[in-house]
Amino acid sequence: AAAWGTAFIGLTLLQMYALTHVETSVMLPITSVGSLIFTVIGALLLFDDPVTPLQFAGMLLAMVAVAEFLWRAGSIRLTLPVVSVGLSIMLAGAFTKVTQRIAVGAFDVYAFQVWQYLFGGLAALLAVVVLHRGASYRQFSRSVITIGTGVGLLSFLGGVLLYEAILRGPFPVITTL
């Protein structure tokens, strides 16, 4: 749970950094499809969840199609920092999904979810303190905290549904949804 929480906050920070250098319409399709491919590779290597060659070819085709579209549109400039951050986002996203799959097979998933959100919250608090050293915290008004809490609760409920789906269906198919 601690690894998931820390990785999730790291993923969020990487995405925020990437968005200062690359447009959302460029970054999101590539990192989402890439993370999916790494997740499926992890599922193939670590679990007994099968993926047919046709499904795997479809995922590769999706990644190539997204990259080709963005490349032809001139939306993407490949530099070492952009590629490094993009690859890190893909791997961190896959890591969080594979961690959730491992939890389903090894722990009470509802208790695990509480712990993962606790560690995610602590990692987020640490990130805010470190990244905003010396800053005034006045921008954290009651409405900001209320909205953040609401988003967190909705995310938690979505996590409950995700774990229910992982418990009932094949992992590679669930993660594509």
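Our subject in this report is the structure included herewith. Residues take numbers from 1 onward in each chain, read along the sequence in its written order. Only residues with pLDDT of at least 70 get local features here, since the model is predicted, and only at 80 or more are side-chain atom pairs given and counted; chain-wide, interface and lining totals rely on the full set of residues. Side-chain figures throughout are based on the complete set of non-hydrogen atoms in the structure, without hydrogens or water.

Before going further, it helps to spend a moment on the side chain of T31. Segments assigned H or I by DSSP are reported as helices when at least four residues long, segments assigned E as strands when at least two residues long, and all are numbered from the N terminus. Along the chain, T31 falls in helix α2 (residues 24–46). In this structure T31 touches G86, I89 and M90, once residues within four positions along its chain are discounted. Any two residues having at least one pair of non-hydrogen atoms within 4.5 Å are treated as being in contact.

Contact geometry for helix α5 (residues 109–131) and helix α6 (residues 142–168): axes closest at 11 Å, N-to-C directions at 145°. The hand of the α5/α6 crossing is right-handed. Taken together, the residues of α6 that come into contact with α5 (itself represented by V109, Y110, F112, Q113, V114, Q116 and Y117) are G152, S155, F156, G159, V160, Y163, E164 and L167. Counted by class, the contact of α5 with α6 contains nine nonpolar, five polar and one charged residues. Throughout, an axis means a line fitted to C-alpha atoms (over the contacting stretch in the case of helices), and angles, computed between N-to-C directions, take values from 0 to 180 degrees. By definition, turning the near helix anticlockwise from the far helix through less than a right angle yields a left-handed crossing, and turning it clockwise yields a right-handed one. Think of it as three bins: nonpolar holds Ala, Val, Leu, Ile, Met, Phe, Trp, Tyr, Cys and Pro, charged holds Asp, Glu, Lys and Arg, and polar takes everything else, Gly as well.

Glancing now at the packing of aromatic side chains. We call Phe, Tyr and Trp rings a pair once their centres come within 6.5 Å, taking the six-membered ring for Trp, and we label the pair stacked below 30 degrees between planes, edge-to-face above 60, and tilted otherwise. Scanning the model with the defined rule gives five aromatic pairs in all. On the basis of an interplanar angle of 10° and a centroid distance of 5.9 Å, the ring pair of F107 and F112 is categorised as stacked. The classification of residues rests on relative accessible area computed with a 1.4 Å probe and restricted to protein chains. Under 20% of the type maximum is buried, over 50% is exposed, and intermediate values are partly exposed. On the accessibility criterion, F107 (51% relative accessible area) is exposed. When its relative accessible area of 7% is taken as the criterion, F112 is described as buried. Among the aromatic residues, those joined into a cluster by ring pairs are W4, F8, Y117 and F156. We note R101 situated over the ring of F47; from NZ or CZ to the ring centre the distance is 4.5 Å. Throughout this description, the term charge over a ring refers to an Arg CZ or Lys NZ atom that lies within 6 Å of the ring centre and within 35 degrees of the ring normal.

This part is about the side chain of S35. Topologically, S35 is positioned in helix α2. A distance of 3.3 Å separates a polar atom in the side chain of S35 from the backbone nitrogen of A94. Residues contacting S35, with those up to four places away along its chain left out, are M90, G93, A94 and K97. Counted as a polar contact is a pair of N or O atoms within 3.5 Å, where, for protein atoms, one must be capable of donating a hydrogen and the other of accepting one, and residues adjacent in sequence contribute only when both atoms are in side chains.

Here we come to the environment of V26. Assignment of secondary structure puts V26 in helix α2. For the pair V26 and A67, spaced 41 residues apart in sequence, the C-alpha separation works out to 8.9 Å.

This part covers α5. Over its 23 residues, α5 extends 32 Å from the first C-alpha to the last, a length consistent with the 33 Å expected when each residue adds 1.5 Å. Those residues of α5 not exposed but buried are V109, F112, Q113, Q116, G120, A123 and A127. Contacts from the buried residues of α5 go to α1 (2–19), α4 (80–106) and α6. Expected span of a helix: the number of residues minus one, times 1.5 Å.

Membership of the largest hydrophobic core is limited to ten residues, which are A43, F47, V98, A103, V104, V109, F112, Y163, I166 and F171. Elements that contribute at least two residues to this core include exactly α4, α5 and α6. Leave out the neighbours within four places in its chain, and Y163 touches Q100, V104, V109, F112, Q113 and Q116. Residues grouped as a nonpolar core are buried Ala, Val, Leu, Ile, Met, Phe, Trp, Tyr and Cys residues, joined through side-chain atoms within 4.5 Å.

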